[in-house]
Amino acid sequence: MQYVRTTEREAVGRGHSRSEGFIDRNAHSLFITPVIIYMGFMAIVPFVYTLWMSLHQWYFSSPQPPLFIGLGNYYRAFFEDTRHLEAMVRTFQFTFAGVGIELILGTIFALTFNREFIGKGLVRTLFTLPMMATPIAVSMVFVIMYNPSMGVFNYFLEQMGLPAQDWLTNPRIVIPSLLAIDVWQWTPLIMLLVMAGLSALPEEPYESAKIDGANGWQQFLYLTLPLLRPTLVVAALFRAIDAFKTYDIIYSTTLGGPGTSSETLNIYIYQTGLFYFHIGYASALSIIFLALTLGMAVIANSVRRTT
Amino acid sequence: MGKGAFSKVLSVLVLLSLVITACGATPTATPVPPTATKPPAPTAAPAAPTATKAPAAPTAAPAAPTAAPAATKAPAAPTAAPAAAFNWKKYAGATISYMGIKNANHDFIISKLPEFEALTGIKVNGEVLPDAAFRQKLPVELQSGAGTVDAFATLPSYDALRFANAGWYEDLSKYLNNKDLTDPNLDYKDLWEACQNVLTVNGKLIGLGYQSDAQVLFYRKDLVQKYNVTLPFNDLASFEAAVKKIAEGEKANGIAGFVARGKAGNVVYPSAPYIFASGGAWQDASGKIQLNDPKVIAGLEFYGRLLRDYGPKGVEGFDVFGALDTMLQGKSAFWSDYAGNIATLLDPKQSKVVDTIGSTTLPGGKGTAGSWGTAIASSSKKKEAAWYFVQWVASKEMEIKMAQANLPTCRTSAWNDPGFLKNSPKEWQDAFQKSFATGVVNGLNPAVIPVPQVRDIIGTIVLAVIQKQDVKAAADKAQADALAVIAAAK
C-alpha cells in the first residue's frame, strides 16, 4: 500500500503518462526478466537437452545421428551396469563417512573456539585457511605427500617403525586417503557454520543448568547438542550435497583408480561421457545423479523441519 | 532507504552483473600462446655441441625481408639449398591453432614455433597437453566443427579408425600434389615408408609423419655390469631372471628391478611387445579382438608380474611421467617404453643417470612401430595455412634438427645426418632401428574405434595380475566388455 501511494504521488508530481505508471508499478518484474531469460538459457535449456539426450544412444564421434532408445539407458544403468551401482555405493560411503567425520571434528573445533584463550584469533584463522585453498593445488600437494617412495607420510610412518603404505595406489586405503584430503579441506566449513550456530545460543538455559548442578559434559549433551541440532542438520546438508558431487580431488589424484576402486558417480559420468564418448548413456547417468542429489536434499529438508 | 528504493537498487545491480558477465565471456577457446613455454631443456640443449661440422641446418632463410622467391642461401647447408619460387610467406598474417600431445618431440616443435613464424608470417597458437587431457579435449574440439583446431598431432594406431569414421581428417593428398602449395624441397619420398603407410587410412593421406615411434629397453649400464647380465634378452625368461637378480641385490638401495607404466589404459602401449614376444596379438586373423587368448594373457601376465614383484611401490598409478621420473632418479634398473624418452634421460638438468643410461632392444625381440603425424582438421577454416605448418614440421630441416635433439624422426636424411650420428648414442640408434624394423606396425593399440575405453578394459587385466586376483576371469570379463563396447561404438 505504501508503494502504491508512492507511485501515485510521483505520478501526480510529474505530469505522467500511462506507460510511465506501468513501468513504475512493474519495475521489479521488468528488471527480473533479463535474469530469468538468462537463467532459462543457461540452466533450463541444457537440462532439457540432457534429458532428451538421455533417451538416445549416441557414440560421440559416430557419423550417425543419435538413436532413440527410450528408457534403455536407465534400464542399463540400474540393471546391467555393475560399475555404475558400485560407483553409487562408493559415493554414498564417501559422502556419509566424510560428512560424519567433518561434523564431529567441526563441532569440536567450534566448541573450542567458542572459549577465550590466547592467540584464539590467529589459530582460528589458520584453521579456516584450508577451505580457501584451490582444490587442485591441495590435491597435488597431497599426491606428493602420499607418494609411496618419496612422500612425507611414509617417511613419518617409517620413523615411527610402522610399515610404509601405498596410499593412493592401494585399493583398500585409497578411499580413506581421499577422505583425509576432503576432511582436511572442508572441516573449516562445518566449523564456521557451527560457530555461527553457537553464537546464537541463548544464555539462560546454561545459567539454570549451572544452578541445578550440571557439569560441562552434561551441559553439552543435554543443552548444546539439542539446541544446535538445526544448525548441524543444515551444515550436514550443505556439506553432503557437495561431498556427493566430489570431483576435483579424485580427478587430480587417482582418476577413479587403481582400477575403479575410487571411482565415484561423478568420475564415472565424466569417464563415460567425455573419455569413452557414450554421450547418451552419460546423460542418463547425469539425470539419475541429479535425482539422487535432489532426493537427499528433500529428505534432509524434511528432517530439518521435524526437529 | 525505504523498501521500494532497496529493491530498485537490487534490480539495477542484477542488471549490471548481467551486462558485465555478458561482456566478459569470450566465445572462442584461447589456447596457450606458444612463446610462453621456455624451450624445454632436453630438446634444445643437444643441438649446441655439434658445432664442429655444419651449424644446425638452417631453414629457408627467414632473413629475406620481402616475399622474394629466391631465398638467400646459408653457407654449408647440409640439405639441398632451397630452390627458387616457393613462397613461404603466401599466408602471412594468418593465425592457426595447433594441438599436440606432451612428449619430447612436441615440446621441441613448440620451442621452434618462432622460427616458423619468422619463415611464413603465420602465427601459431600451439597447445601441448598431457596424454589424458589431450585425448579428451581434441575429439571434443573436432566434433564441434567450429574450426577451433586447425592442425593437430595424430597417432594413427590410436586415432585413425575413430577419426576417419567421424570424418575429422582432411585428405592431404590434394595439398601434397598441388605445386603451388607444396615446397618442392619437401621430398616426400625421403619419409620412411612405414611412416607414409601408417598415415594413409582408407586410401586417404591423413598426415605427414615427423616422429617415428618404437620402444626400447632402457637400462642402467653400471647395474648390468655389476650383476654380469648379458644383453640383449632373446626371451622373456632370461629377462625376468636378470630383473630378479638385480632387484634382490639392490633392494637395500631402494632400486627397483623394472619400471613401466601401470595406470589403467596406459599399460597397453608398453605391454604390447611382451604380448607379441609371447606369440600373441591384439586381434585374431579376422580382426576380432582377443583379450582372453592364452598368449595375450601370458604376455599381460608377464608384464604385470614384473611390475608387481620387481617394480617400485605405487607402480599401479604410474603413467609415462611416473615411470620416467623413477628412471631419471636412477631408482630402477630397467625401463621399457617409447624410445624418444632418451632425450630427457640424457638431459643433465633433469637426469641423474646421464652417464649410465643404455638402450637395447626389447626382451623377446618384438616391438611396436608407429608414427605420429600432423593432420589438418576437416572443419578447419585455414587449411592452406595449416598445410604450411604441416609441411614445415615434416620438412627436412625440422627433422634434422629434431634428430640432433636425440628424437626419433621419420626421414632417412635425418637419421643419416652427421650431427645426429655424432650426437646420439650409437647403441640407442641401433636399438631403435632394430625395434622399429621388427615392430608390429600400428601394434601400439588394438585397431578398433573406441580405443580409450578398450585400453582401460585391457588395463583391468594387468591390474588383476598386480593385485593377485583371478587373471583368467578378469581376461574373460575384459573380452566380453570389449566386444560390447566395440559393437556399441559404430
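See above for the structure.
Residues numbered from 1 in each chain as written. Chains lettered and ligands numbered in written order. Predicted model: local features only at pLDDT ≥ 70, side-chain atom pairs only at ≥ 80, totals over all residues. Heavy atoms only, no water.

Asks: In this structure, what is going on with the overall build of chain A? I would like to understand it.
Replies: Counting its regular elements, chain A contains 14 helices and two strands. Whereas a compact globule of 307 residues would reach a radius of gyration of roughly 19 Å, chain A reaches 26 Å, over 25% beyond that. The dimensions of chain A, computed from C-alpha atoms along their principal axes, are 90 × 75 × 35 Å. Burial statistics for chain A: of 307 residues in total, 40% are counted as buried. Partitioning the intrachain contacts of chain A with sequence separation of at least 6 by distance along the chain shows that 64% fall at a separation of at least 24. Per element, the accessible surface of chain A, about 17,300 Å² overall, is 69% carbon and sulfur. In chain A, the 18 positive side-chain charges and the 19 negative ones have mean positions that sit 6 Å from each other. (Helix = DSSP H or I, 4+ residues; strand = E, 2+ residues; numbered from the N terminus. Rg over C-alpha atoms; globule rule 2.2 N^0.38 Å. Buried < 20%, exposed > 50% of the residue type's maximum accessible area, 1.4 Å probe, protein only. Contact = heavy atoms within 4.5 Å. Areas by Shrake-Rupley, 256 points an atom, 1.4 Å probe, with all protein chains shown as cover. Lys, Arg positive; Asp, Glu negative; His and termini not counted. Charge placed at Lys NZ, Arg CZ, Asp CG, Glu CD.)

Asks: Just to check I follow, could you spell out the state of the cysteines for this structure?
Replies: Covalent bonding between the sulfur atoms of two cysteines is what defines a disulfide. All names here are of chain B. Under the definition given, this model contains one disulfide over all chains. Disulfide partner of C195: C410, at an S-S distance of 2.3 Å. An S-S torsion of about -80 degrees defines the bridge between C195 and C410 as left-handed. With a gap of 215 residues between them, C195 in helix α8 (residues 193–198) and C410 in the loop between α16 (396–404) and α17 (412–415) connect regions that are remote in the sequence. Pair check on accessibility: C195 and C410 agree, each one buried. (Disulfide = S-S within 2.5 Å.)

Asks: Hey, could you run me through the pairing of strand β1 (residues 95–101) of chain B in this one?
Replies: In regular strands, side chains alternate between the two faces of the sheet. Residues and elements named next belong to chain B. Within β1, six of the seven residues are buried, leaving the element largely enclosed by the surrounding structure. Where β1 lies against strand β2 (residues 123–129), seven bridges are found, and the strand directions are parallel. The residue of β2 that forms the bridge with T95 is K123. (Pairing = 2+ DSSP bridges.)

Asks: Explanation requested: the nonpolar core in the structure shown.
Replies: It is characteristic of soluble globular proteins that their nonpolar side chains tend to be buried jointly. F152, F239, F258, F334, W387, F389 and W392 of chain B are the most contacted members of the largest nonpolar core, which has 147 residues in total. The leading source of residues in this core is helix α15 (residues 383–394) of chain B, at nine residues. Of all hydrophobic cores here, the second largest spans 20 residues; its members include A87, V99, A243 and I287 of chain A. (Core = buried A, V, L, I, M, F, W, Y, C linked by side-chain atoms within 4.5 Å.)

What is shown is where atoms sit, not what they do.
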